[in-house]
Amino acid sequence: MTNASLVAKGLGRRFGTVIALNNFSIEVPKGELISLLGPSGCGKTTALRIIAGLERSDTGEVHLNDKNISNVSAHLRNMGMVFQAYSLFPHLNVAENVAFGLKMRKVSKSERTIRVNTILDLVGLGHHHKRFAHQLSGGQQQRVALARALVIEPEVLLLDEPLSALDAQVRTNLREEIRRLQIELGTTTLFVTHDQEEAMAISDRVGVMNQGGLEQIDTPDTLYNKPANDFVASFVGTMNHLPAQLEKGTIELFGKRFPTQKSGNESGKVNALIRPESIKVSIDETSTNAVVLTRSFLGAHSRIICRTNDGAIIHSLMSNEYSQELHPGNAVRLEILSKEIMVANA
Amino acid sequence: MYKVLSTVKNNFLTTGILLISALFLFLPLIGATEFSLRDGGPDKHSFHSYKWIFEQSGFKENLGITIQVTTLAVLLNLLIMVPTVTWLHISGQKYRRFVEVITILPLIIPVVALATGAQTALPSFLHNTVLELSFMYVVIAMPYSYRALDIGMSGKPLNTYVAAARNLGASWRKILLSVITPSIWPSVLAALFLTVALSLGEFTLAQLLHWNTFPTWVSNVSQENILGATALSVGSLFFAWLLLFTFTFFGSNKAESAKNEE
């Protein structure tokens, strides 16, 4: 299977007065899976549709293997796409749906049969050739759609929230399967989703989008631990925002001084950004600084929501082992486990 | 559909109404058929009157013209309406109201005005060709065929089908032929039926535009022979049914799979 590198440069798109995409650029190297993550309306689907050629862009270019394909019609781009909405043609059965793209490419009947069989086995639907879309579950329909997109050996695979309509368990299984197939076939893939867990779980890199632009593109690890800005920090995972006073690049929280990413000569009002798992809640009657509001059991962990004596609401995520004695109304002591704290301008 | 019928079948009232409707529909038909088979009196029956039809001059020619006009009208209708309604559904939504109003116009404008309009508006090379009448039949069938196709496309994720098909390498022609049309096949058939039924029975426009079609011929010959006229009516009715059944038969396979999806 061919794998290609995809580059989008300065894409812009406006719908009336709404700016859907604003100078959006991305580079997807061969064989990589990159996710575009962002709240609804951030332009991620528009970007994907422009890359697929289904939407025109006002500005910018799309390059495939260093060739400008901005003016190439969608049906000649050789990209496979899976949509959020079920898109199987209702009048064709599974095998005919998968063969559709091959037929358009005038692939011989015998080769079509072989390739359809191979790909359907690969997505685990080897025994459903003769079924119609209405006889399949949502997950099966999306598998067929995936097979249909992959069988044409696309240069790039574009996934537009293909899992959004499925229930939780099917979604988890299918996303693992997408990743397995993607690695196996080495297909360069761009995956659009609003589900951060999904994006983090299967991507080589994740691009976080906001208001038509890319805020940060990095590995899931970096994105979570070293967010480039406040938006990324708050959008990816849960983040506590604690007002603090920056003095010479450091802040004081709960009686302890922490270094920040700011340089030594900066001062002023800031918000400290702290992950829930970096906050330890303990019963220590000698020096309390907060009150427990709720404790929700999440399986291996519990989420404890506290109010500090200054009135700030803090989320903490703790292993159940250490959070069992915590009950609403308890006076507690909050401690920050991080060595360095990220701050954002208040 | 079958499920609905079987659940109400037990309902006595419904059965009664169905029975009365059936009597209402079939009694006159049976009466007319019996009458058309009479040969010289109420006791003797034969196909005499039916034979008479074929002996009248102009039968073949006029029927031939009607079949030509009907075929062309159906083709033109689908050729114009399927892409138009598709476009209205996938990217021309804001024009839907406007087009809807336009499609009703043939029902409001008197046929005489349509005929006069046709003679002035149609390009002269179309005058006195079969296309002249076919185009007019496309116009008067438009209110029905537009609605049939519109209903078929509403509620279908056409945009997704189109995007998927384009992405898989289908040109617009291929998309219309091998994705849109088959996925709304029952509606295409309905549009086709309505156009056929209309073209087979249309009298006024043909008369006004001086065409000798089957309906105008029927009107002429039936003034001389009441038994023959009845035989003609019964005969054309069965002919129309036969046509519709044939269409249904050829269309049923595709219709089945498209309908199942609902």
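Everything numeric in this text was worked out from a predicted model, so none of it was measured. (Residues numbered from 1 in each chain as written. Chains lettered and ligands numbered in written order. Predicted model: local features only at pLDDT ≥ 70, side-chain atom pairs only at ≥ 80, totals over all residues.)

Enquirer: Would you take a moment to explain the overall build of chain A for this structure?
Expert: Along its length, chain A carries nine helices and 20 strands. Summarising its shape, the C-alpha atoms of chain A cover approximately 80 × 45 × 35 Å along the three principal directions. Residues counted as buried form 43% of the 346 residues belonging to chain A. For chain A, the proportion of contacts with a sequence separation of at least 24, taken over those separated by at least 6, is 66%. (Helix = DSSP H or I, 4+ residues; strand = E, 2+ residues; numbered from the N terminus. Buried ≥ 20, exposed ≤ 12 C-beta atoms within 10 Å, placed from the backbone. Contact = placed C-beta atoms within 7 Å.)

Enquirer: Help me understand unusual backbone geometry, please; the structure alone is not making it clear to me.
Expert: With the exception of glycine, the majority of residues adopt a negative phi angle, and the majority of peptide bonds are in the trans configuration. All names here are of chain A. The backbone of Asn65 sits at a positive phi, close to 50°, despite the residue not being glycine. Positionally, Asn65 belongs in the loop between β4 (59–64) and β5 (67–68). With 15 C-beta atoms packed within 10 Å, Asn65 lands in the partly exposed category. The phi dihedral of Asn78 falls on the positive side, at around 55°, and the residue is not glycine.

Enquirer: Looking at this structure, how should I read the interface of chain B and chain A?
Expert: Often the size quoted for an interface is simply the accessible area lost on bringing the parts together. Tallying the contact residues gives 21 residues for chain B and 21 residues for chain A. If you list the elements that add at least two residues to the side of chain B that touches chain A, you get α8 (158–167), α9 (172–183) and α13 (226–260) of chain B. Ranked by residue count, the leading element in the side of chain B that touches chain A is α8(B), at six residues. Of the residues in the side of chain B that touches chain A, the class split is ten nonpolar, seven polar and four charged. (Nonpolar A, V, L, I, M, F, W, Y, C, P; charged D, E, K, R; others polar.)

Enquirer: Explain the sheet that holds strand β6 (residues 79–82) of chain A here, please?
Expert: Strand pairing in a sheet takes place through backbone hydrogen bonds and is either antiparallel or parallel in direction. Residues and elements named next belong to chain A. The mixed open sheet is built from six strands, whose spatial order is β6-β7-β8-β3-β9-β10. Sheet topology places β6 and β10 (213–218) at the edges, where each strand pairs with a single neighbour. Averaged over all pairs of adjacent strands, the angle between their axes in this sheet comes to 20°, without regard to strand direction. For strand β7 (residues 156–160) and strand β8 (residues 188–193), the ladder comprises five bridges, and the chain directions are parallel. (Pairing = 2+ DSSP bridges. Axes fitted to C-alpha atoms, helices over the stretch in contact; angles between N-to-C directions.)

Enquirer: I tried to follow the nonpolar core on my own but got confused; where do I start?
Expert: In globular proteins that are soluble, nonpolar side chains generally tend to be buried together. Of all hydrophobic cores here, the largest spans 138 residues; its most connected members are Ile51(A), Val98(A), Ala147(A), Leu158(A) and Leu190(A). When residues of this core are assigned to their parent elements, the largest contribution, twelve residues, is made by helix α7 (residues 130–153) of chain B. The contacts of Ile51(A), once residues within four sequence positions are left out, are Leu6(A), Ala8(A), Val62(A), Leu158(A) and Leu190(A). Counting six residues, the second-largest nonpolar core is a separate cluster that includes Ile53(B), Phe214(B), Val218(B) and Leu232(B). (Core = buried A, V, L, I, M, F, W, Y, C linked by C-beta atoms within 7 Å.)

Enquirer: Just checking my understanding: could you explain the packing of helix α4 (residues 138–150) of chain A against helix α5 (residues 168–185) of chain A for this structure?
Expert: How two helices pack is summed up by the angle between their axes together with the distance between the axes. All names here are of chain A. In the contact formed by α4 and α5, the axes pass within 11 Å of each other and the chain directions differ by 15°. If you check the angle between α4 and α5, you find them roughly parallel. Of the two possible hands of crossing, α4 and α5 adopt the one that is right-handed. Contacts between α4 and α5 pair Gly139, Gln142, Leu146 and Leu150 from the former with Val170, Leu174, Ile178, Leu181 and Leu185 from the latter. Of the residues that constitute the contact of α4 with α5, the class distribution is seven nonpolar, two polar and no charged. (Parallel < 35°, antiparallel > 145°, perpendicular 65-115°, else oblique. Left-handed = near helix turned anticlockwise from the far one by under 90°.)

Enquirer: Would you explain the domain arrangement of chain B in this entry?
Expert: Residue and element names in this part refer to chain B. On domain assignment, one finds that chain B holds domain 1 (2–51) and domain 2 (57–261). Here the C-alpha centroids of domain 1 and domain 2 sit 29 Å apart. Across the contact, seven residues belong to domain 1 and seven residues belong to domain 2. Here the side of domain 1 that touches domain 2 takes four residues from helix α2 (residues 12–36), the largest share from any one element. (Domains from an automatic or database assignment.)

Enquirer: Looking at this structure, how should I read the sheet that holds strand β11 (residues 240–247) of chain A?
Expert: Residue and element names in this part refer to chain A. The strand order across the open sheet built from five strands is β13-β12-β11-β14-β20, with neighbouring strands paired in antiparallel fashion. Only two strands of the sheet have a single partner each, and these edge strands are β13 (256–259) and β20 (342–345). The sheet shows a mean angle of 45° between the axes of neighbouring strands, direction not considered. Judged from the seven bridges that link them, β11 and strand β14 (residues 268–274) form a sheet pairing that is antiparallel. Bridged to Pro243 within β14 is Asn271.

Enquirer: Sorry if this is basic, but what is going on with the environment of Arg179(A) here?
Expert: All names here are of chain A. Structurally, the position occupied by Arg179 is in helix α5. Taking the number of C-beta atoms within 10 Å as the measure of exposure, Arg179 has 17 and is therefore partly exposed. Distance from Arg179 to Gln196, taken between C-alpha atoms, is 15 Å for residues 17 residues apart in sequence. Sequence-distant contacts of Arg179, that is, excluding residues within four places in its chain, are made with Leu33 and Ile202.

Enquirer: Explain the pairing of strand β3 (residues 33–37) of chain A to me, please; I cannot follow it from the model alone.
Expert: On any regular strand, side chains alternate: one points to one face of the sheet, the next to the other face. All names here are of chain A. Most of β3 is tucked away, with five of its five residues classed as buried. Burial of β3 is two-sided: the residues Leu33, Ser35 and Leu37 facing one way and the residues Ile34 and Leu36 facing the other way are all buried. Examined bridge by bridge, β3 and β8 share five bridges and lie parallel to one another. Bridging across to β8, Ser35 finds its partner in Phe191. Bridging between β3 and strand β9 (residues 205–210) involves four bridges; their strand directions are parallel. Its bridge partner being in β9, Ile34 is matched across the sheet by Arg205.

Enquirer: I'm lost on the confidence of the model for chain B in this one. Help?
Expert: Atom-level detail of predicted coordinates should not be read off regions where pLDDT is low. Residue and element names in this part refer to chain B. When the pLDDT values of chain B are averaged, the result is 86; 92% of them are 70 or greater. The least confident element of chain B is helix α1 (residues 2–9), whose mean pLDDT is 55; the most confident is α8, at 94. Every residue in residues 254–262 is under pLDDT 50, and counting partners more than four places away or in other chains gives 22 contacts. The ipTM value of the predicted complex is 0.82, and its pTM value is 0.80. (pLDDT = per-residue confidence, 0-100.)

Enquirer: Hey, could you run me through the packing of helix α4 (residues 59–90) of chain B against helix α10 (residues 185–201) of chain B in this one?
Expert: All names here are of chain B. Close contact between α4 and α10 brings their axes to 9 Å; oriented N to C, the two are set at 145°. Here the hand of the crossing between α4 and α10 comes out right-handed. Residues Thr66, Val69, Thr70, Ala73, Val74, Asn77, Leu78, Met81 and Val82 of α4 pack against Val188, Ala191, Leu192, Thr195, Val196, Ser199 and Leu200 of α10. Considering only residue class, the contact of α4 with α10 consists of eleven nonpolar, five polar and no charged.

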